[in-house]
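# Results of the structural survey
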Amino acid sequence: MVKEEDKSKRKRGAQPGHVGKSRHLLPSDVMDRIIPCYPPEDCSSCGGNVKVGKLRQRNQRISLVNHRPFFTEYQLYGGQCQSCKQRSRASLPEGITLGLLDASFLAVIATLTDKYHLSKAMVTSLIYDFYGLNLSVGTVYNSEHIVSNAIAAPANSIGKAIQKAFHVNLDDDLSPNN
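Parameters and conventions
- Residues numbered from 1 in each chain as written.
- Predicted model: local features only at pLDDT ≥ 70, side-chain atom pairs only at ≥ 80, totals over all residues.
- Heavy atoms only, no water.
- Patch = residues over 30% accessible without salt bridge, like charges linked within 9 Å, V, L, I, M, F, W, Y side chains within 5 Å.
- Areas by Shrake-Rupley, 256 points an atom, 1.4 Å probe, with all protein chains shown as cover.
- Salt bridge = Lys/Arg side-chain N within 4 Å of Asp/Glu carboxyl O.
- Lys, Arg positive; Asp, Glu negative; His and termini not counted.
- Charge placed at Lys NZ, Arg CZ, Asp CG, Glu CD.
- Helix = DSSP H or I, 4+ residues; strand = E, 2+ residues; numbered from the N terminus.
- Buried < 20%, exposed > 50% of the residue type's maximum accessible area, 1.4 Å probe, protein only.
- Core = buried A, V, L, I, M, F, W, Y, C linked by side-chain atoms within 4.5 Å.
- Contact = heavy atoms within 4.5 Å.
- Phe/Tyr/Trp six-rings, centres within 6.5 Å; stacked < 30°, edge-to-face > 60°.
- Expected span 1.5 Å × (residues − 1).
- Arc of directions from axis to C-beta.

### Thoughts on a positive patch on the surface
Taken together, Lys54, Arg56, Arg87 and Arg89 make up a surface patch of like positive charges. For the positive patch, the secondary-structure elements that each account for two or more residues are β2 (50-65) and β4 (87-89). Classification of Lys54 as exposed rests on a relative accessible area of 55%.

Shown next as structure tokens:
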């Protein structure tokens, strides 16, 4: 057991000797779609020609298509300028962010935790039972924060509009034409 006074002297984060845990990538051959991403053809430094090199990074995403998991892998290749030898790397396509789950899956998780008040452990269990996917409690936690941040601005503007509204909680049936 670590004494309380020793705990405060340690740096934040994983401690020496700690065995980290991370999600392992699935084999490429189980992906439903593979999208290769290449570095820009022209060097950002000198404008020279960039020769595509080897695969540098794989980024996998899971989406829900017809209520089933759909696996996409983005393969990011590196390259090197033929003139100045500067190295470059491909980026994810516009609109694709880092993270395992796409918006459809994030919406499911947010609904399960917010509307149905399921615990993070229950959500991971349900996702496994329905989709056969092993998600960590941390993934559920991160998903909640992604959705919360995404809806914060619209929710605030709706709240302000309601506060300024002359009539609140009126039915649509009370329109002047009825």
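### Describing the nonpolar core
Judged by nonpolar contacts, the single largest core of 16 residues is most densely connected at Ile62, Leu101, Phe105, Ile127 and Leu133. Of all the elements in the fold, those that place two or more residues in this core are β2, α2 (103-115) and α3 (120-131). Of all the elements, α2 adds the most residues to this core, at four residues. Leave out the neighbours within four places in its chain, and Phe105 touches Ile62, Ser63, Leu64, Ile127, Tyr131 and Leu133. Grouped together as the second largest cluster of nonpolar side chains are five residues, Cys37, Tyr74, Leu76 and Ala90 included.

### Quick notes on the packing of aromatic side chains
Taken as a whole and assessed by the stated rule, the structure comprises three aromatic pairs. For the ring pair Tyr38 and Tyr77, a centre distance of 5.1 Å and an interplane angle of 25° mean the geometry is stacked. Of the two residues, Tyr38 sits in the loop between β1 (33-37) and β2 while Tyr77 sits in strand β3 (residues 68-81), which places them 39 residues apart along the sequence. Since its relative accessible area comes to 47%, Tyr38 is described here as partly exposed. Note on Phe130 and Tyr131: the rings are 6.4 Å apart at their centroids and 85° apart in plane angle, and the pair reads as edge-to-face. What makes Tyr131 buried here is its relative accessible area of 19%. These aromatic residues form a ring-pair network of at least three members: Phe105, Phe130 and Tyr131.

### With respect to a nonpolar patch on the surface
A surface patch of nonpolar side chains, about 270 Å² in accessible area, is lined by Ile158, Ile162 and Val168. If you trace the backbone, Ile158 turns up in helix α4 (residues 137-164). Taking the relative accessible area as the measure of exposure, Ile158 reaches 52% and is therefore exposed.

### Comments concerning α3
Under the 1.5 Å per step criterion, the end-to-end length of α3 is 16 Å for twelve residues, consistent within 8% with the ideal 16 Å. Listing the buried residues of α3 in full gives Val123, Thr124, Ile127 and Tyr131. The buried side chains of α3 occupy one side of the element, clustering within an arc of 100° when seen end-on. Directly beyond the C-terminal end of α3, a positive phi value near 70° is found at Gly132.

### Points about the pattern of salt bridges
Counted by the stated rule, this structure contains two salt bridges. Between Arg58 and Glu73 there is a salt bridge, and its shortest N-O distance comes to 2.9 Å. Of this pair, Arg58 sits in strand β2 while Glu73 sits in strand β3, and the two are 15 residues apart along the sequence. When its relative accessible area of 27% is taken as the criterion, Arg58 is described as partly exposed. A salt bridge links Lys120 to Glu144; its shortest N-O distance comes to 3.0 Å. Taken together, the residues Lys120 in helix α3 and Glu144 in helix α4 connect sequence positions 24 residues apart. Among the residues examined, Lys120 registers a relative accessible area of 28% and is labelled partly exposed. Judged by relative accessible area, Glu144 falls into the partly exposed class, the value being 21%.

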